[in-house]
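Results of the structural survey
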Amino acid sequence: MSTPKSVIELAKKNGAKMMDIKFVDTFGTWQHFSCPIRELTEEIFSDGIGFDGSSIRGWKSIEASDMLAMPDPDTAFMDPFCAEPTLSLTCSIAETGTKELYTRDPRAMAQRAEKYLVSTGLADTAVFGPEAEFFVFDNVQFDSKSNGTFYSLDSNEGIWNTGRDEMPNLGYKIRHKEGYFPVPPADTQQDIRSEMVLLMEQLGVEVEKQHHEVATSGQAEIDYRFTTLVKCADAMMVYKYVIKNVARKHGKTACFMPKPLFGDNGSGMHTHMSLWKKGKPLFAGNEYAGLSQMALYYIGGLLKHARALCAICNPTTNSYKRLVPGYEAPVNLAYSSRNRSAAIRIPTYSQSPKAKRLEYRPPDPAANPYLAFSALMMAGVDGVLNKIEPGEPLDKNIYELPPEELKKVPNVAGSLDEALNCLEKDHEFLLKGDVFTSDFLDMWIATKRKEHDALRLRPHPYEFFLYYDV
């Protein structure tokens with residue numbers, strides 16, 4: 001555990017000239033402001049640093065805008081992307097005066113989720129390990145006006161570029177759904193991904209592996225080691241920050257949209273999770289696939305609340321262009337050992353009790369990790385507390401089930417609008433322990449409905465192909 005004093009020593013050792021204050025907004029974007037390093041004192045860790053919260057999406061109104069950023073000493077690192085030596089600190093957000101954590105701060109919500117888990121007596125630690133996929137493109141262009149719209153993505157790996165004059169075009173292009181895992185020269189981004197990995201390790205994110213993913217055009221995955229809920233979400237923010245900035249350094253652009261390419265696999269964020277108590281894993285046992293009864297109840301909670309969870313774990317209109325059959329997307333609400341066509345998979349790589357976990361596959365990397373991990377834990381814990389049975393496992397390839405069997409398997413929400421409707425009806429499990437609040441959920445649903453309507457109201461380019469000559 002770092003202390004304010006050790007953070008100050010870190011800054012001195014590295015000759016820091018600036019201090020960068022980072023925090024996450026409602027929808028998962030890192031925000032920041034910077035101060036000269038003389039402002040780094042032990043007092044700021046207890047007193048906080050004031051800022052105006054009225055311009056942060058979904059936060060304060062202008063007449064009550066003063067807020068405090070409370071730095072966490074455990075998050076300190078030297079920012080590798082600043083020209084001047086800069087110490088980075090991640091913060092939770094508190095109210096002025098009382099210093100109570102702000103109810104709409106996602107990081108504070110994740111901290112409350114951890115406290116709620118302890119209060120139940122079931123476990124003292126929730127462990128998470130996400131697999132966030134992304135694309136690295138060479139060029140992106142888009143625009144939306146009242147009289148026209150377009151987007152265009154390009155990559156030197158893209159299969160559509162076999163005929164492009166590249167002086168010379170060497171022909172090594174990855175076909176749709178064939179990006180898992182060709183070696184260079186087909187895989188052109190090995191060195192970029194390795195640079196990302198080494199920087200993450202330097203910043204304290206312990207990486208397990210990196211590789212090209214299934215899609216053409218630079219889809220990738222970097223997996224980092226599991227850790228506790230808040231620390232895992234902190235690591236995801238570092239993960240995205242490093243990936244985007246290393247890509248930019250190489251004149252490329254990293255994209256975490258769930259479905260940027262038509263006709264190819266989208267990007268998911270399969271999330272591994274387990275509960276522990278006093279250093280002992282609680283999901284290992286003698287039930288199906290070596291699970292404990294607690295783990296099965298946890299699965300029951302996830303399946304019961306899965307459609308409502310979509311509104312938080314798949315929070316964009318684009319998310320539902322990934323959650324469709326035919327692209328390895330986990331649209332079917334079932335659980336199974338090893339089976340990647342089910343929404344919940346029980347990995348079997350290791351028989352160690354410490355490795356026993358669940359993999360929840362519907363989430364995507366557009367999700368705010370603090371909110372997504374908290375919501376997943378709350379759903380699972382609700383299953384344990386209420387002893388929700390998950391039903392029978394489905395050990396068949398769900399993608400190849402005959403229609404009469406497939407119609408018996410429930411699906412995730414089919415659109416953002418449908419997911420928001422489900423969240424409106426099913427959210428009591430999120431309110432326990434004041435982890436989420438009704439005020440926050442009302443704001444979330446209203447904001448996301450505006451996003452849904454903004455897309456619904458706009459003509460789509462493909463509609464001109466279908467209907468221009470009607």
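Scroll up for the structure.
Described in the following lines is the structure provided in the data block. All chains use their own residue numbering, which begins from 1 and follows the written sequence. Given that this is a predicted model, residues contribute local features only at a pLDDT of at least 70 and side-chain atom pairs are listed and counted only at 80 or more, while totals for whole chains, interfaces and linings are drawn from all residues. With hydrogens and water set aside, each side-chain value is computed from the structure's full complement of heavy atoms.

Here we take up the overall build of the protein. A tally of helices and strands in the protein yields 14 helices and 18 strands. Taking 2.2 N^0.38 as the reference for a compact globule, 470 residues should give roughly 23 Å; the C-alpha atoms of the protein span a radius of gyration of 23 Å, in line with that estimate. With the C-alpha coordinates aligned to their principal axes, the bounding extent of the protein is approximately 65 × 60 × 45 Å. Counting across all 470 residues of the protein, residues that qualify as buried make up 52%. Whether two residues touch is decided by their heavy atoms; if any such pair falls within 4.5 Å, the residues are in contact. Across the protein, every contact between residues at least 6 apart in sequence was considered, and the portion connecting residues at least 24 apart equals 68%. As presented, the protein carries roughly 21700 Å² of accessible surface, and 53% of it is formed by carbon and sulfur atoms. Between the centroid of the 53 positive side chains of the protein and the centroid of its 62 negative side chains there is a distance of 2 Å. The way it works is that DSSP assigns letters per residue, a run of H or I at least four long becomes a helix, a run of E at least two long becomes a strand, and they are numbered from the N terminus. C-alpha atoms define the radius of gyration, and 2.2 Å times the number of residues to the power 0.38 defines the globule rule. Type-normalised accessible area, obtained with a 1.4 Å probe on protein chains alone, sets the label of each residue: buried when under 20%, exposed when over 50%, and partly exposed for intermediate values. In these tables, accessible area is a Shrake-Rupley quantity obtained with a 1.4 Å probe, and a residue counts as shielded only by the protein chains included in the view. As used throughout, the charge tally considers Lys and Arg to be positive and Asp and Glu to be negative, leaving His and the chain termini uncounted. By convention, the charge on Lys lies at NZ, on Arg at CZ, on Asp at CG and on Glu at CD.

With an omega of 0°, the peptide bond running from Met167 to Pro168 counts as cis. In this model, Tyr180 is joined to Phe181 through a cis peptide bond whose omega is -10°. Secondary-structure assignment places Phe181 in the loop between β9 (148–154) and α4 (190–202). A positive phi angle, close to 65°, is found at Lys177, a residue other than glycine. Its relative accessible area of 39% is what places Lys177 among the partly exposed residues. Even without being a glycine, Ser217 presents a positive backbone phi close to 65°. The buried category is assigned to Ser217, whose relative accessible area is 0%.

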